[in-house]
Amino acid sequence: MTDFPAFSFSTVPHIVSESGAAGRLGEHIAQRFPDARRALLVTDPGFLRTGLVDAPAASLRTAGLTVEVYAQVMADPPETVVLEAVAAARKFRCDIVIGLGGGSSMDVAKLIAVLANSGQPISTIYGIGNVKGSRLPLVQIPTTAGTGSEVTNIAIVTTGATTKMGVVAPQLYADLALLDAELTLGLPSAVTAATGIDAMVHAIEAYTSKHKKNPLSDLLARQALALLSANLIPVCENGRNLAARQAMLLGALLAGQAFSNAPVAAVHALAYPIGGIFHVPHGLSNSLVLPHVLRFNAPEAAPLYAELAEIVVPAASGSLEARAEALAVAMQQIATVTGIERTLQQVGIQASDLDRLADEAMLQTRLLGNNPRTVTRTDARAIYAAAF
Ligand SMILES: [Zn+2]
């Protein structure tokens with residue numbers, strides 16, 4: 001008899017995966033939110049310049065909604081930007097919030113939705129389960145296949161020079177996530193590679209998460225890895241491959257559903273200081289430490305890594321350890337083939353920075369607690385040295 005430990009699982013109730021769906025956003029909104037009248041589209045200046053906001057905005061107007069675009073989101077959004085966005089939403093009196101962008105835009109959209117009609121000060125929402133009350137209707141439309149933020153209950157805010165804080169609450173799950181590969185066709189190959197590897201890390205870390213791994217997160221992580229590993233190289237070689245782009249978006253969403261319930265661990269814990277101190281993009285930070293964390297974890301996690309190797313490198317054979325190593329090698333090869341940076345030196349980090357990185361990584365106790373193998377400060381320093 002298989003005895004599963006007790007678990008709970010939450011996700012976004014409605015998902016639409018269809019190329020071109022963003023151009024019919026107004027129809028989707030009218031169908032699901034018939035009372036919505038004033039839509040705030042939340043994005044960043046770079047995505048606004050692509051012109052890809054125009055079609056979804058026009059379709060909302062055709063459906064009878066008044067539309068305002070808030071396009072001041074920046075990467076690793078500071079608290080001041082979140083507060084400005086909330087003020088803009090209040091001034092506009094929006095009654096539905098639509099995140100249209102990468103993880104930062106979707107995270108800001110989540111916080112607008114919970115704060116716009118609430119008197120709760122932002123300083124009191126950080127941490128787990130501290131959001132009070134309900135939120136405005138929330139729709140998420142990702143423009144990168146990576147963060148999975150469209151289906152997670154987490155928003156990350158930069159609260160100091162290099163420090164970030166997370167808001168984790170059930171209210172952050174959107175009402176609708178809409179995947180449209182046409183929005184991702186113009187993404188440069190390096191961004192596609194780094195964000196895609198980030199999504200693969202979400203699946204790998206969910207599958208090996210120490211406490212909350214469960215049958216549903218396992219199923220999602222495996223399907224996510226199958227889609228992501230089959231399509232990542234093709235989309236990097238031909239960014240206009242619409243079917244492969246749609247498969248990447250779906251893979252990133254499934255990985256997001258998995259890690260929102262079975263949280264990520266040491267790869268992310270060690271990646272955060274690289275992003276925080278050196279402003280290396282999140283996906284690339286993860287990719288830099290990934291193979292070295294996999295090798296460090298192998299003494300505890302080899303049986304699970306061997307199961308994932310069957311998906312990513314079906315030809316892998318031999319002992320559990322050999323197949324786990326094949327997974328690490330395969331992930332390194334993806335970084336090599338796509339041409340993204342592979343060492344800390346290549347992103348400007350010096351040998352003298354490794355101690356500070358190790359110190360900061362040890363502060364990520366929430367993430368390190370999910371890791372299949374205990375990470376000491378000495379271990380963290382050695383992993384950075386291996387990645388150097
Ligand atoms: Zn990530």
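In case you missed it, the structure is sitting above this.
First, a word on what this report is: a plain description of the structure on this page.

Cut-offs used in this document
Residues numbered from 1 in each chain as written. Predicted model: local features only at pLDDT ≥ 70, side-chain atom pairs only at ≥ 80, totals over all residues. Heavy atoms only, no water. Core = buried A, V, L, I, M, F, W, Y, C linked by side-chain atoms within 4.5 Å. Buried < 20%, exposed > 50% of the residue type's maximum accessible area, 1.4 Å probe, protein only. Helix = DSSP H or I, 4+ residues; strand = E, 2+ residues; numbered from the N terminus. Contact = heavy atoms within 4.5 Å. Pairing = 2+ DSSP bridges. Axes fitted to C-alpha atoms, helices over the stretch in contact; angles between N-to-C directions. Arc of directions from axis to C-beta. Donors = N, O, S within 2.8 Å, 3.2 Å for Na, K, Ca; no water. Tetrahedral: all angles 85-135°; square planar, octahedral: opposite > 155°, others 65-115°.

A word on the nonpolar core. Ranked by size, the top nonpolar core spans 116 residues in total, and within it Val42, Val97, Ile112, Ile197, Leu270, Leu344 and Tyr384 carry the most contacts. In terms of residues, this core owes the most to one element, helix α10 (residues 282-312), which gives 14 residues. If we ignore the near neighbours within four places in the chain, the residues touching Val97 are Leu40, Val42, Ala109, Ile112, Ala113, Leu136, Pro137, Leu138 and Val139.

Here the focus is the sheet that holds strand β5 (residues 127-128). Ordered in space as β5-β8-β7, the 3 strands form an open sheet in which the pairing is mixed. The open sheet terminates on both sides in strands that have one partner only, identified here as β5 and β7 (154-158). Inspection of the sheet shows β7 paired to strand β8 (residues 164-168) by 5 bridges, in the antiparallel sense. Residue Ile156 lies in a different strand from β8, and its bridge partner there is Gly166. Here helix α5 (residues 103-115) sits on the sheet in contact with β7 and β8, set at roughly 100° to β7.

Turning to unusual backbone geometry, a few remarks are in order. Positive phi values are uncommon outside glycine, yet Asp76 reaches one of about 50°. Relative to the helices and strands, Asp76 resides in the loop between β3 (66-70) and α4 (79-92). The partly exposed category is assigned to Asp76, whose relative accessible area is 35%. Positive phi, normally seen in glycine, also occurs at His279, with a value near 55°. Along the polypeptide, His279 turns up in the loop between α9 (266-278) and α10. Overall, His279 belongs to the exposed group, its relative accessible area being 59%.

This part is about helix α14 (residues 377-387). Every α-helix carries 3.6 residues per turn, so stepping three or four residues along brings you back to the same face. Looking only at α14, the buried set comprises Ala380, Ile383, Tyr384 and Ala387. Projection of α14 onto a plane perpendicular to its axis shows the buried side chains occupying an angular sector of 100°, all on one side. Contacts made by the buried residues of α14 are with α9, α10 and α12 (354-361).

With that settled, the discussion passes to the environment of Ala57. Looking at where Ala57 falls in the secondary structure, it is placed in helix α3 (residues 54-62). Classification of Ala57 by relative accessible area gives buried; the value is 5%. For the pair Ala57 and Leu25, spaced 32 residues apart in sequence, the C-alpha separation works out to 8.0 Å.

Once that is clear, we can look at the coordination of the zinc ion. At the metal site, the zinc ion is ligated by Asp198 (OD), His202 (NE2), His268 (NE2) and His282 (NE2), and these contacts range over 2.1 to 2.2 Å. Of note is the zinc ion, whose 4 donor atoms meet at the metal with angles of 89 to 161° in an arrangement that counts as irregular. Ordering the donors of the zinc ion by residue number gives the pattern D-x3-H-x65-H-x13-H. Residue Asp198 and its partner His202 are located together in helix α6 (residues 189-207), separated by 4 residues, close to a single helical turn. Just as Asp198 is buried, His202 falls in that class too.

Let us now look at the environment of Phe47. Structurally, the position occupied by Phe47 is in helix α2 (residues 45-49). According to the relative accessible area criterion, Phe47 is buried, its value standing at 8%. When the C-alpha atoms of Phe47 and Met362 are compared, they prove to be 35 Å apart, with 315 residues separating the residues in sequence. If we ignore the near neighbours within four places in the chain, the residues touching Phe47 are Leu52, Val53, Leu100, Thr143 and Leu183.

Before going further, it helps to examine the sheet that holds strand β1 (residues 14-17). Here 6 strands make up an open sheet; going across it, the order is β1-β9-β6-β4-β2-β3 and the pairing parallel. Looking at the sheet topology across the chains shown, the edges are occupied by β1 and β3. Sheet twist, expressed as the mean angle between neighbouring strand axes with direction ignored, is 15°. Packed onto the sheet, α5 meets β2 (38-42), β4 (96-101) and β6 (138-142) and runs at close to 170° relative to β4.

Assignment of secondary structure puts Tyr384 in helix α14. A relative accessible area of 0% means that Tyr384 is categorised as buried. Sequence spacing of Tyr384 and Val264 is 120 residues, and the spatial spacing of their C-alpha atoms is 18 Å. With residues up to four places along the chain from it excluded, the contact list for Tyr384 reads Ala269, Leu270, Pro273, Ile274, Val289, Leu344, Leu354, Leu357, Ala358 and Ala361.

Interpretation in functional terms is not warranted from these geometric data alone.
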